Amino acid sequence: MDIWFTLILIVDVVVALCMIGLVLLQHGKGADVGAAFGSGASGSLFGASGSANFLSRTTAILAVIFFLTTFALAYLVTHRPRVGGSVMDTVKEQQQTAPQQTPAAGTESGVAKTGEQANSKAAEVPK
């Protein structure tokens, strides 16, 4: 399933980049007025109206592909089998499998002394 996820993700990104490029290539609605005054848009590669039809159809097809791949990615992410619960569950499992450590020297039953008891040497010196 990871192969499908990666493949669909690559297709989604490539289609998005192509769609951005096609949108930037298209002329706006106000560009037709510029063609009337000799800007040269009528002599383009696809003709005056051919480029608008070709680019808009291609953009529409890429938009449909983009939405389908996005929905497929959303489906794959939400229906992925759960490996485990939360991150804390894996930490608890690691602690249970770790060997028990012996109490450190100078501590009583594994609990370290706190405050003045840990720093005071008076408790260690016999009177």
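Just so it is clear, the model here is predicted, and its values are computed rather than measured.

(A) Highlighting the overall build of the protein. A count of helices and strands for the protein gives five helices and zero strands. Reading the protein from its N end, one meets helices and strands in the order α-α-α-α-α. When the 127 residues of the protein are sorted by exposure, 10% land in the buried category. Here the contacts in the protein between residues at least 6 apart in sequence split such that 81% fall between residues at least 24 apart. Accessible surface, the protein as shown: approximately 10,700 Å² in total, 65% of it carbon and sulfur.

(B) View of the confidence of the model for the protein. Summary statistics for the protein give a mean pLDDT of 74 and a share of 52% for residues scoring 70 or more. No element of the protein has a lower mean pLDDT than helix 5 (residues 116–119), at 56, and none a higher one than helix 1 (residues 2–25), at 93.

(C) Representation of the side chain of Thr-59. Checked against the element boundaries, Thr-59 lands in helix 3 (residues 50–78). Residue contacts for Thr-59: discarding those within four places in its chain leaves Met-19, Leu-22, Val-23 and Gln-26.

(D) Expanded view of the packing of aromatic side chains. Under the counting rule described, the total for this entry stands at one aromatic pair. On the numbers, 6.0 Å between centres and 65° between planes, the contact of Phe-66 with Phe-67 is edge-to-face. Given a relative accessible area of 23%, Phe-66 falls into the partly exposed group.

(E) Up close: the nonpolar core. By size, the foremost hydrophobic cluster in this structure holds six residues: Val-15, Met-19, Leu-22, Leu-55, Leu-62 and Ala-63. Elements that contribute at least two residues to this core include exactly helix 1 and helix 3. Apart from residues lying up to four places away in sequence, Met-19 is in contact with Thr-59, Leu-62, Ala-63 and Phe-66.

(F) Here's a closer look at the environment of Val-15. For Val-15, the location among the structural elements is in helix 1. Look at Val-15 and you get buried, because its relative accessible area is 8%. Val-15 sits 52 residues away from Phe-67 along the chain, and the two C-alpha atoms are 9.9 Å apart. Look past the residues within four positions of Val-15 in its chain and what remains in contact with it is Leu-62, Ile-65 and Phe-66.

(G) Here's a closer look at the environment of Ile-61. Structurally, the position occupied by Ile-61 is in helix 3. Among the residues examined, Ile-61 registers a relative accessible area of 53% and is labelled exposed. Between the C-alpha atoms of Ile-61 and Val-15, which are 46 residues apart in sequence, the distance is 9.9 Å.

Cut-off values and rules
Residues numbered from 1 in each chain as written. Predicted model: local features only at pLDDT ≥ 70, side-chain atom pairs only at ≥ 80, totals over all residues. Heavy atoms only, no water. Helix = DSSP H or I, 4+ residues; strand = E, 2+ residues; numbered from the N terminus. Buried < 20%, exposed > 50% of the residue type's maximum accessible area, 1.4 Å probe, protein only. Contact = heavy atoms within 4.5 Å. Areas by Shrake-Rupley, 256 points an atom, 1.4 Å probe, with all protein chains shown as cover. pLDDT = per-residue confidence, 0-100. Phe/Tyr/Trp six-rings, centres within 6.5 Å; stacked < 30°, edge-to-face > 60°. Core = buried A, V, L, I, M, F, W, Y, C linked by side-chain atoms within 4.5 Å.

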